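Residue-level structure breakdown
Residue-level listing of the chains:
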Amino acid sequence: EPEVTQTPSHQVTQMGQEVILRCVPISNHLYFYWYRQILGQKVEFLVSFYNNEISEKSEIFDDQFSVERPDGSNFTLKIRSTKLEDSAMYFCASSRIGELGEAKNIQYFGAGTRLSVL
Amino acid sequence: LAKTTQPISMDSYEGQEVNITCSHNNIATNDYITWYQQFPSQGPRFIIQGYKTKVTNEVASLFIPADRKSSTLSLPRVSLSDTAVYYCLVGGHASGGSYIPTFGRGTSLIVHP
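Below: a short report on this structure. The model shown is predicted, which means the values in this text are computed figures rather than measured ones.

1. So, the overall build of chain B
Check the secondary structure of chain B and you find 0 helices and 9 strands. Listing every helix and strand of chain B by position from the N terminus yields β-β-β-β-β-β-β-β-β. For 113 residues, the compact-globule estimate of 2.2 N^0.38 gives 13 Å, and the C-alpha radius of gyration of chain B, at 14 Å, lies within 12% of that figure. Evaluated residue by residue, chain B yields a buried proportion of 46% over its 113 residues. Taking as baseline every contact in chain B between residues at least 6 positions apart, the subset at least 24 positions apart corresponds to 56%. Surface accessibility of chain B: about 5,600 Å² in total, with carbon and sulfur atoms responsible for 52%. Distance between charge centroids for chain B: 9 Å, based on 8 positive and 7 negative side chains.

The following block contains the structure:
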């Protein structure tokens, strides 16, 4: 069964450093998403991406964050200058374009990258 | 955005049927209802999706009344491995429009031996 893969599984960084979290979505999917989940809290939407541009973004997704699809397979989340409060699990997800009668929100999630900012 | 309300937690025993109800009073006409399951330290996993009436797959059933203001996820004969957090989301119609997937707190289901 196709799956979304994320690397690394755990990233430790110093406050103020830049990090890039990587995701390989399912190959025939066209919508891509990033979420974060702070320990013990709910899953929070960060950004959605379609047709090489951001579709939607939340208030969390400020100027410190950026996303990119550098080639035909990878989808990355960059945090420019990490803060302690960026420590969380980051999930990538992808979905197919919705066919008639099928919603586009059937999302397939990766296993996540645990980001620890020290 | 349609807001969802679910019980914070539920307890059950192995072999029982579990029904988790989600309220979504301001669901829009084109909104679908989607349920996800999440185990600790893993990403959410799609369980089932529906628009109206009843949907069944190999894992669960989804019951949606005519007014669509609520939905009930039914898990038949749960096992210990069904212990997880369950989320219902509304929105995301294929015809387009803004869609920001919103996960609430979910329902933490604990299945006891």
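2. Re the environment of Asp31 of chain B
Tracing the backbone shows Asp31 of chain B in the loop between strand E2 (18-23) and strand E3 (32-38). At a separation of 3.0 Å, a polar atom in the side chain of Asp31 of chain B contacts the main-chain amide nitrogen of Ala28 of chain B.

3. Examining the nonpolar core
Residues Trp34, Leu46, Phe61, Val67, Phe75, Leu77 and Tyr90 of chain A are the most contacted members of the largest nonpolar core, which totals 21 residues. Broken down by secondary-structure element, the contributors of at least two residues to this core are strand E3 (19-24), strand E4 (31-37), strand E5 (44-50), strand E7 (65-68), strand E8 (75-79), strand E9 (88-95) and strand E11 (113-117) of chain A. In this structure, Phe61 of chain A is in contact with Leu46, Val47, Ile54, Ser66, Val67 and Leu77 of chain A, ignoring residues within four places of it in sequence. Counting 20 residues, the second largest nonpolar core, distinct from the first, contains Ile20, Trp35, Ile48 and Leu75 of chain B.

4. Considering the sheet that holds strand E4 (residues 45-50) of chain B
Residue and element names in this part refer to chain B. Taken in spatial order, the 5 strands make up an open sheet running E1-E9-E8-E3-E4, and their pairing is mixed. The open sheet has two free edges, formed respectively by strand E1 (9-13) and E4, since each of these has just one partner strand. With strand direction ignored, the average angle separating the axes of adjacent strands in the sheet is 25°. Pairing of E3 with strand E8 (residues 84-91) involves 7 bridges; the strand directions are antiparallel. For Tyr32, the partnering residue across the bridge sits in E8 and is Gly91.

5. A word on the side chain of Thr72 of chain B
Residue and element names in this part refer to chain B. Mapped onto the elements of the fold, Thr72 is located in strand E7 (residues 70-75). According to the relative accessible area criterion, Thr72 is buried, its value standing at 18%. Side chain to side chain, Thr72 and Thr21 meet in a polar contact 3.0 Å long. What Thr72 contacts, discounting residues up to four positions off in sequence, is Asn19, Ile20, Thr21, Ser61, Leu62 and Phe63.

6. A look at the state of the cysteines
Residue and element names in this part refer to chain B. This structure, assessed with the given rule, holds 2 disulfides over all chains. Disulfide pairing is shown between Cys22 and Cys88; the S-S distance is 1.7 Å. Highlighted residues: Cys22 in strand E2 and Cys88 in strand E8, separated in sequence by 66 residues. The pair Cys22 / Cys88 is uniform in exposure class, with both members buried.

7. Let's talk about the side chain of Thr4 of chain B
Locating Thr4 of chain B in the fold gives a position in the segment before E1. Looking at Thr4 of chain B, the relative accessible area reads 16%, which means it is buried.

8. Quick look at the pairing of E3 of chain B
Residue and element names in this part refer to chain B. Where burial is concerned, most of E3 is hidden: 7 out of the 7 residues are buried. Residues of E3 alternate between two faces, with Tyr32, Thr34, Tyr36 and Gln38 on one and Ile33, Trp35 and Gln37 on the opposite face, all of them buried. Across 5 bridges, E3 lies against E4 in antiparallel orientation. Residue Tyr36 lies in a different strand from E4, and its bridge partner there is Phe46. Here E3 hands over to E4 after 6 residues, with Ser41 in that stretch at a positive phi of 60°.

Cut-offs used in this document
- Within each chain, residue numbers correspond to sequence positions counted from 1 in written order.
- Written order decides the labels, with chains lettered from A and ligands numbered from 1.
- Residues qualify for local features only when their pLDDT is at least 70, as the model is predicted, and side-chain atom pairs are given and counted only at 80 or more; totals for whole chains, interfaces and linings, by contrast, use all residues.
- Excluding hydrogens and water, the side-chain figures rest on all heavy atoms present in the structure.
- Helix and strand labels come from DSSP, where a helix needs a run of H or I of at least four residues and a strand needs a run of E of at least two; each type is numbered from the N terminus.
- The atom set for the radius of gyration is the C-alpha atoms, and the globule formula is 2.2 Å times the number of residues raised to the power 0.38.
- We call a residue buried when its accessible area falls under 20% of the maximum for its residue type, exposed when it is over 50%, and partly exposed in between, using a 1.4 Å probe and counting protein chains only.
- Contacts are residue-level and defined by heavy atoms, with any inter-residue pair within 4.5 Å sufficient.
- Calculation of accessible area relied on Shrake-Rupley with a 1.4 Å probe; when residues are assessed, cover is drawn exclusively from the protein chains displayed.
- Here Asp and Glu are counted as negative and Lys and Arg as positive; His is not counted, and neither are the chain ends.
- The atoms used to mark charge sites are NZ of Lys, CZ of Arg, CG of Asp and CD of Glu.
- Polar contact is defined as a pair of N or O atoms within 3.5 Å, subject to the rule that within protein one atom must be able to donate a hydrogen and the other to accept it, and that residues adjacent in sequence are counted only when both atoms are side-chain atoms.
- Residue types Ala, Val, Leu, Ile, Met, Phe, Trp, Tyr and Cys, when buried and joined through side-chain atoms within 4.5 Å, form a set referred to as a nonpolar core.
- Whether two strands pair depends on DSSP finding at least two bridges between them.
- Whenever a helix is involved, its axis is fitted only over the stretch in contact; in every case the axis is a line through C-alpha atoms, and angles between N-to-C directions fall within 0 to 180 degrees.
- Two cysteine sulfur atoms make up a disulfide if the distance between them is within 2.5 Å.

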